[in-house]
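# Reading the structure
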Amino acid sequence: MADRATLEDLVRLQGERVRALKQQKASAEQIEEEVAKLLKLKAQLGPDEGKQKFVLKTPKGTRDYSPRQMAVREKVFDVIISCFKRHGAEVIDTPVFELKETLTGKYGEDSKLIYDLKDQGGELLSLRYDLTVPFARYLAMNKLTNIKRYHIAKVYRRDNPAMTRGRYREFYQCDFDIAGQFDPMIPDAECLKIMCEILSSLQIGDFLVKVNDRRILDGTFAICGVPDSKFRTICSSVDKLDKVSWEEVKSEMVGEKGLAPEVADRIGDYVQQHGGVSLVEQLLQDPKLSQNKQALEGLGDLKLLFEYLTLFGIADKISFDLSLARGLDYYTGVIFEAVLLQPPAQAGEEPLGVGSVAAGGRYDGLVGMFDPKGRKVPCVGLSIGVERIFSIVEQRLEAVKEKVRTTETQVLVASAQKKLLEERLKLISELWDAGIKAELLYKKNPKLLNQLQYCEEAGIPLVAIIGEQELKDGVIKLRSVASREEVDVRREDLVEEIRRKTSQPLCIC
């Protein structure tokens, strides 16, 4: 067999021959014959371990996060977590993958988006699609009937990503859920209060929370003549009304899902309505809907919900919207979704919704699906769409060219003369031991100007400068980077002075 160098030359020459034939527009048969020879030579050559080429990219629908982006992300998480904790939530975690059978049949038409893993020795596994189904499995497995928990973790969906709008195949969810048997609508109202608190705190713009109830939807479908077997599939069509027109939704119902046109028209009369508690009261008087037991229960609960929302001071942020369907199969009662509002183009017009940033609802039957005896644990919860929120905050910071600090360093330990590395190391060790966030440059004799420039670039507010005179006097020169003011501080008072000067919270939003 020819050596590798000879084969590489033959492959190169044969490749040139194929390219020349293509340029000369030779016959397809002749080109095919020469390509076959080229492939045969390449097969003899085999892979070159030393010259393996990597495609340097992240998988489709995923991304890396730079220090700047992570700083934004941490601030957003801090706002969300502090709100969850303020409302008394505990935190849990679950595996990133579950048994496939745990996830199967819980997501309706979205089940096709679940990532299945290869058989790893007897267990068929899938990556988690959300945090709600694993939570229900956790409750059933541990025989828990009462918990208020939050869970922040990554989930996975084989979706067509729209990364500029914050839609990915791997993304974080921030969930808060209340499990347990309680009086109607009190936990549900708290979930909506939490949603409003978080969105207001993040200052990402005006928002509206749409509210509906699966029982009202199912009751509407029943009185309009939708067959029981088509409830869920028609539900997923209605759920598209925030993105496409009623005509397109009706066309899908009739053309793709086999619904009679007159039934679709009757549905349209209901699902295009939205309003406040007055609409709830109006529908309670509806001659057809008020005769449906399910719908009546749902409307009664929504009326009570609006009373609690008024007491919480957020009723003006809530809209009863009959088109809200939430495509997931496990919802059984109240459902809700928060959308950001775009200012109206013309005065007098209604603001437009520009995308969902939080959602949730009641799912009283999900835990019972996992319990061997079918024992139900009523649950209600919400999920904050953090990826979309990150995108909005990032875009806003880019637009105003705002500088984002990527570290929390309070002070840089610097020296004004040469041969003071040992003193810098001693001082920084004292600061670290006292819990101060401190840095130093990794050079024996850095120039003072370089040290000060580093502080300005990194946003470090203070510099602790050691000099020969300061060492003799037992003081440290503490310099404010922003004002350039310098004060001599006794070494034993330095920690307290740094804490005092950096106690103001830093904000990036």
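Residues numbered from 1 in each chain as written. Predicted model: local features only at pLDDT ≥ 70, side-chain atom pairs only at ≥ 80, totals over all residues. Heavy atoms only, no water.

### As for the overall build of the protein chain
Of the regular secondary structure elements, the protein chain holds 18 helices and 16 strands. Taking the principal axes of the C-alpha coordinates as reference, the protein chain spans close to 90 × 80 × 55 Å. Sorting the 509 residues of the protein chain into buried and exposed places 46% on the buried side. Contacts spanning at least 24 positions in sequence make up 68% of the contacts within the protein chain whose residues lie at least 6 apart. Positive and negative charge centroids in the protein chain, built from 76 and 79 side chains respectively, lie 5 Å apart. (Helix = DSSP H or I, 4+ residues; strand = E, 2+ residues; numbered from the N terminus. Buried < 20%, exposed > 50% of the residue type's maximum accessible area, 1.4 Å probe, protein only. Contact = heavy atoms within 4.5 Å. Lys, Arg positive; Asp, Glu negative; His and termini not counted. Charge placed at Lys NZ, Arg CZ, Asp CG, Glu CD.)

### Describing the environment of Leu 199
Checked against the element boundaries, Leu 199 lands in helix H6 (residues 186-202). On the basis of relative accessibility, which here comes to 1%, the residue Leu 199 falls in the buried class. Through-space distance from the C-alpha of Leu 199 to that of Lys 437 is 31 Å; in sequence the pair is 238 residues apart. Ignoring anything within four residues of it in the chain, the contact list for Leu 199 reads Ile 204, Phe 207, Ala 338, Val 357 and Ile 389.

### Here we look at H6
The end-to-end C-alpha separation of H6 is 25 Å, in line with the 24 Å expected for 17 residues at 1.5 Å each. Following H6 by one or two positions, Gln 203 adopts a phi angle in the positive range, close to 50°. (Expected span 1.5 Å × (residues − 1).)

### With respect to the sheet that holds strand E14 (residues 462-466)
If you trace the five strands from one edge of the open sheet to the other, you get E13-E12-E14-E15-E16, paired in mixed fashion. Two strands in the sheet have a free side with no partner beyond their single neighbour: strand E13 (438-439) and strand E16 (486-490). Taken strand by strand, helix H18 (residues 494-501) contacts strand E12 (411-415), E14, strand E15 (475-480) and E16, and its axis lies near 10° from that of E15. (Pairing = 2+ DSSP bridges. Axes fitted to C-alpha atoms, helices over the stretch in contact; angles between N-to-C directions.)

### Focus on helix H1 (residues 4-23)
One turn of an α-helix holds 3.6 residues; hence residues three or four places apart share an orientation. Over its 20 residues, H1 runs 29 Å from end to end, which matches the ideal 28 Å to within 8%, given 1.5 Å per residue. Taken together, the buried positions of H1 are Leu 7, Val 11, Gln 14, Gly 15, Val 18 and Leu 21. Seen along its axis, H1 keeps its buried residues to an arc of 125°; they face one direction. Summarising the geometry of H1, the exposed residues directed more than 90 degrees from the buried face are Arg 19 and Gln 23. Buried residues in H1 make contact with helix H2 (28-45). Just downstream of H1 lies Lys 25, where phi reads positive at about 55°. (Arc of directions from axis to C-beta.)

### Details of the pairing of strand E6 (residues 207-213)
In terms of burial, E6 is a largely internal element, six of the seven residues being buried. Here E6 pairs with strand E9 (residues 334-342) via seven bridges, running antiparallel. Across the sheet, Val 209 pairs through a bridge with Ala 338, a residue of E9. As judged from the three bridges shared by E6 and strand E8 (residues 318-321), these two strands associate in the parallel manner. Following the sheet pairing, Val 211 is matched in E8 by Phe 320.

### Some remarks on the pattern of salt bridges
Two side chains that carry opposite charge are able to pair once their charged atoms sit near each other. Scanning all chains against the criterion turns up 34 salt bridges. Of the charged contacts, one joins Glu 398 and Arg 68 as a salt bridge, the two residues approaching to 3.4 Å between their closest N and O atoms. Taken as a pair, Glu 398 in helix H14 (residues 386-399) and Arg 68 in helix H3 (residues 67-86) lie far apart in primary sequence, 330 residues in all. Residue Glu 398 is classed as partly exposed on the basis of its relative accessible area of 44%. Overall, the relative accessible area of 25% leaves Arg 68 in the partly exposed class. Glu 170 is paired through a salt bridge with Lys 154; the nearest N and O atoms lie 3.5 Å apart. Pair noted here: Glu 170 is in strand E5 (residues 170-179) and Lys 154 is in strand E4 (residues 147-156), with a separation of 16 residues, a long-range link. (Salt bridge = Lys/Arg side-chain N within 4 Å of Asp/Glu carboxyl O.)

### What about the side chain of Asp 218?
By the element assignment, Asp 218 lies in helix H7 (residues 214-224). A relative accessible area of 9% means that Asp 218 is categorised as buried. Within polar-contact distance, the side chain of Asp 218 engages the side chain of Arg 232 at 3.0 Å. Sequence-distant contacts of Asp 218, that is, excluding residues within four places in its chain, are made with Phe 231, Arg 232 and Gln 294. (Polar contact = N/O pair within 3.5 Å; in protein donor to acceptor, adjacent residues only side chain to side chain.)

### Remarks on the packing of helix H11 (residues 277-284) against helix H12 (residues 293-311)
Axis separation between H11 and H12 bottoms out at 10 Å; the angle between their running directions is 155°. Classified by the interaxial angle, the pair formed by H11 and H12 is roughly antiparallel. The hand of the H11/H12 crossing is left-handed. Facing H11, whose interface residues are Val 277, Val 280, Glu 281, Leu 283 and Leu 284, H12 presents Leu 296, Leu 299, Gly 300, Leu 302, Lys 303 and Phe 306. (Parallel < 35°, antiparallel > 145°, perpendicular 65-115°, else oblique. Left-handed = near helix turned anticlockwise from the far one by under 90°.)

### Describing the packing of aromatic side chains
If you walk through the whole model with that rule in mind, you get seven aromatic pairs. Judged by centre distance (5.5 Å) and plane angle (35°), the ring pair of Phe 84 and Phe 176 falls under tilted. With Phe 84 in helix H3 and Phe 176 in strand E5, this residue pair connects regions lying 92 residues apart in the sequence. Assessed through its relative accessible area of 0%, Phe 176 is described here as buried. Note that Arg 73 overlies the ring of Tyr 65, its terminal NZ or CZ placed 3.9 Å from the centroid. When the ring centre of Tyr 129 is taken as reference, the NZ or CZ atom of Arg 157 above it lies at 3.8 Å. (Phe/Tyr/Trp six-rings, centres within 6.5 Å; stacked < 30°, edge-to-face > 60°. Lys NZ or Arg CZ within 6 Å of the ring centre and 35° of its normal.)

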